[in-house]
2 protein chains.
Amino acid sequence: MKAGKISELTTNRLSIYLRCLTLLADEDIKTVSSAALAKRFHLNSAQIRKDLAYFGEFGVRGVGYDVDALRDHLIKILGLGRTHRVGIIGAGRLGSALTNYYGGDRSTFEVAALFDVDPLKIGERIEGVEIFDAKHFPSIAKRDNIEVAVIAVPAEAAQDVFEQVTAAGIRAVMNFAPIPLKTIGDVKLKTVDLTTSLEGLAYHLSGAASLNGNNPEPGPTGRRN
Amino acid sequence: MKAGKISELTTNRLSIYLRCLTLLADEDIKTVSSAALAKRFHLNSAQIRKDLAYFGEFGVRGVGYDVDALRDHLIKILGLGRTHRVGIIGAGRLGSALTNYYGGDRSTFEVAALFDVDPLKIGERIEGVEIFDAKHFPSIAKRDNIEVAVIAVPAEAAQDVFEQVTAAGIRAVMNFAPIPLKTIGDVKLKTVDLTTSLEGLAYHLSGAASLNGNNPEPGPTGRRN
DNA sequence: TGATGTGAAGCGGTTCACAGCC
DNA sequence: GGCTGTGAACCGCTTCACATCA
């Protein structure tokens, strides 16, 4: 157990471990060793142990980890014990898609409001979620207890939107705009670039990648942002 | 110019550079230095130079890079000069969302077909794209020249689907199922985990993260899979 | 015996700093 | 003078290997 800074790569993996443990729990498996977990889900056992050890000694030597207990620990560590409300800025194609997708799970994350600048969209609803004027983000966010902002606007507008939501007190932002954003201070920013991901595949398909041999996938346990 | 293996992190950044250059071209900017590009888009100038130098000497010392010429180089390097057809497996919430999202750009990536196992969905259309029986993936993929498979099925089914599409000759797979997949040989696999990304934000919002100070965002130039 | 927790080694990517060239 | 291209230093994450303990 160490109190040092935890890498984002580690917390990403904790989230994955949690999902793997849930699958095991569904099968009524009570105990699992890091080696068994690794084998089953294509992970690395040493890394599992090290990741977990940052937060406590959850295992029993010679036995392994208690599945249910470890799940509870991870839920607590990740802060998933309560519902987080999400506001999505940009009610276009992507914003609608994300509303639709995240709309499925109301327990840990709940899309509370959409925002756009298009007067034709304001007042409409997507999946039951109302679209508000983006300039009212601060008041709506406060009223609805929105903690997470999702940016789903065109690249040109993303930095502005980011600064507006952080100015409104948001400390966790997920950016889907395909452009690097500059963050500040205490605000956590994650960028998911759906275009870059596809273009990486195109590179592999083009002749260039073949010249460089295969590209084995390290899996979602590997390096990310 | 080196012929060695190119890291996926590098190709991801090339994709980002390409988008940044497009924005500059829209402003009729003809030449840009690595320092100017870095400043404008929150990148690292040394990294830009190093990334580009893997593929050639595109710059002019004392001047910088020609915007249009560099764009053309990147398009060629990434293999974006032609349309790639995409097949999405899983016509649920996520599959629909992705069809809707990727449906916008028909030039570089085109969603050619959807696949599902639900008899009620087979034969229907989403955004004009027909849903086929998943077991017909091999023949449809061949007929429609599908090169990229997008996995949008539940976690439990993802590994099976992956093996089926690779058996059908697909060499580029994008996985949205929140589970690590095991890949083999020459197949390029990218996993985008929309749940993990959100849960990382929850961690930051919970007390735990604050104990560890701020988490400055290195931007989408940083480490990924 | 068997599996955890962890210092130490190893590895890959980023950043520095400067030689080389326009 | 200014900026690229690049070896070298640096840094952080992963992997190894083993002491430790049920």
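Predicted model, so just to flag it, every value in this text is computed and none were measured. (Residues numbered from 1 in each chain as written. Chains lettered and ligands numbered in written order. Predicted model: local features only at pLDDT ≥ 70, side-chain atom pairs only at ≥ 80, totals over all residues. Heavy atoms only, no water.)

A. Just the overall build of chain A, in detail. Looking only at helices and strands, one finds nine helices and ten strands in chain A. Residue burial in chain A is summarised as follows: out of 225 residues, 56% are buried. Summed over all atoms, the accessible surface of chain A reaches about 9800 Å², with 52% contributed by carbon and sulfur. (Helix = DSSP H or I, 4+ residues; strand = E, 2+ residues; numbered from the N terminus. Buried < 20%, exposed > 50% of the residue type's maximum accessible area, 1.4 Å probe, protein only. Areas by Shrake-Rupley, 256 points an atom, 1.4 Å probe, with all protein chains shown as cover.)

B. Representation of the protein's contact with DNA strand D. Taken together, 27 residues form the shell around DNA strand D, and within it Arg13(A), Arg61(A), Ser34(B), Arg49(B) and Tyr65(B) come nearest. The protein-proximal atoms of DNA strand D, defined as those within 4 Å of the protein, are 65% sugar or phosphate. Within the side chain of Gln47(A), a nitrogen or oxygen atom sits 2.9 Å from a sugar or linking oxygen of DNA strand D. In the model, a phosphate oxygen of DNA strand D is placed 3.3 Å from a nitrogen or oxygen of the Phe58(B) main chain. Counted by class, the surface near DNA strand D contains eight nonpolar, nine polar and ten charged residues. (Near = heavy atom within 4 Å. Polar contact = N/O pair within 3.5 Å; in protein donor to acceptor, adjacent residues only side chain to side chain. Nonpolar A, V, L, I, M, F, W, Y, C, P; charged D, E, K, R; others polar.)

C. The packing of aromatic side chains, seen in detail. Following the criterion strictly, the structure yields eight aromatic pairs over all chains and no others. Measuring from centroid to centroid gives 5.2 Å for Tyr101(B) and Tyr102(B), while their planes differ by 50°, and the two rings are tilted. Per residue, the accessibility class of Tyr101(B) equals that of Tyr102(B), and both read buried. Grouped by ring-pair contacts, the aromatic residues Phe115(A), Phe132(A) and Phe137(A) constitute a single cluster. (Phe/Tyr/Trp six-rings, centres within 6.5 Å; stacked < 30°, edge-to-face > 60°.)

D. Expanded view of the interface of chain B and chain A. With 81 residues of chain B in contact, the opposing surface of chain A contributes 81 residues. Summing both partners gives a buried area of about 8000 Å² for chain B against chain A, and 61% of it is carried by carbon and sulfur. Here chain B and chain A share six salt bridges between them. Taking the shortest distance from any N to any O, the salt bridge between Glu199(A) and Arg19(B) comes out at 3.9 Å. Between the two partners, chain B and chain A, sit 22 residue pairs in polar contact (both at pLDDT 80 or more). Grouping the amino acids of the side of chain B that touches chain A by side-chain chemistry returns 37 nonpolar, 28 polar and 16 charged. (Contact = heavy atoms within 4.5 Å. Buried area = accessible area lost by both parts, 1.4 Å probe. Salt bridge = Lys/Arg side-chain N within 4 Å of Asp/Glu carboxyl O.)

E. The pattern of salt bridges, seen in detail. Residue and element names in this part refer to chain B. Taken as a whole and assessed by the stated rule, the structure comprises 28 salt bridges over all chains. Between Lys-190 and Glu-8 there is a salt bridge; the shortest N-O distance is 3.1 Å. Of this pair, Lys-190 sits in strand E10 (residues 188–191) while Glu-8 sits in helix H1 (residues 8–26), and the two are 182 residues apart along the sequence. Each of the two residues, Lys-190 as well as Glu-8, counts as buried.

F. Highlighting empty space enclosed by the protein. Per the stated rule, a full pass over the model turns up five cavities of 30 Å³ or more. Estimated volume of the second largest cavity: approximately 70 Å³. Taken together, Leu94(A), Ala97(A), Leu98(A), Tyr101(A), Phe176(A), Leu194(A), Leu94(B), Ala97(B), Leu98(B), Tyr101(B) and Leu194(B) make up the full set of residues lining the second largest cavity. Counted by class, the lining of the second largest cavity contains eleven nonpolar, no polar and no charged residues. (1 Å grid on protein atoms, 1.4 Å probe; cavity = no way out; pocket = protein on both sides within 12 Å on 5 of 7 lines; lining within 4 Å. Points joined across faces, edges and corners; volume = space filled by probe spheres on them.)

G. Molecular detail of the sheet that holds strand E10 (residues 188–191) of chain A. All names here are of chain A. Ordered in space as E6-E7-E5-E4-E8-E9-E10, the seven strands form an open sheet in which the pairing is mixed. Each edge of the open sheet carries a strand with a single partner, namely strand E6 (125–126) and E10. Here strand E5 (residues 109–116) runs beside strand E7 (residues 129–133); their pairing, made up of three bridges, is parallel. In the strand pairing of E7, Leu-114 is matched with Ile-131. The strands touched by helix H5 (residues 93–102) are strand E4 (84–89), E5, E6, E7, strand E8 (146–151) and strand E9 (172–175); relative to E5, the strand with the most contacts, the crossing angle is about 160°. (Pairing = 2+ DSSP bridges. Axes fitted to C-alpha atoms, helices over the stretch in contact; angles between N-to-C directions.)

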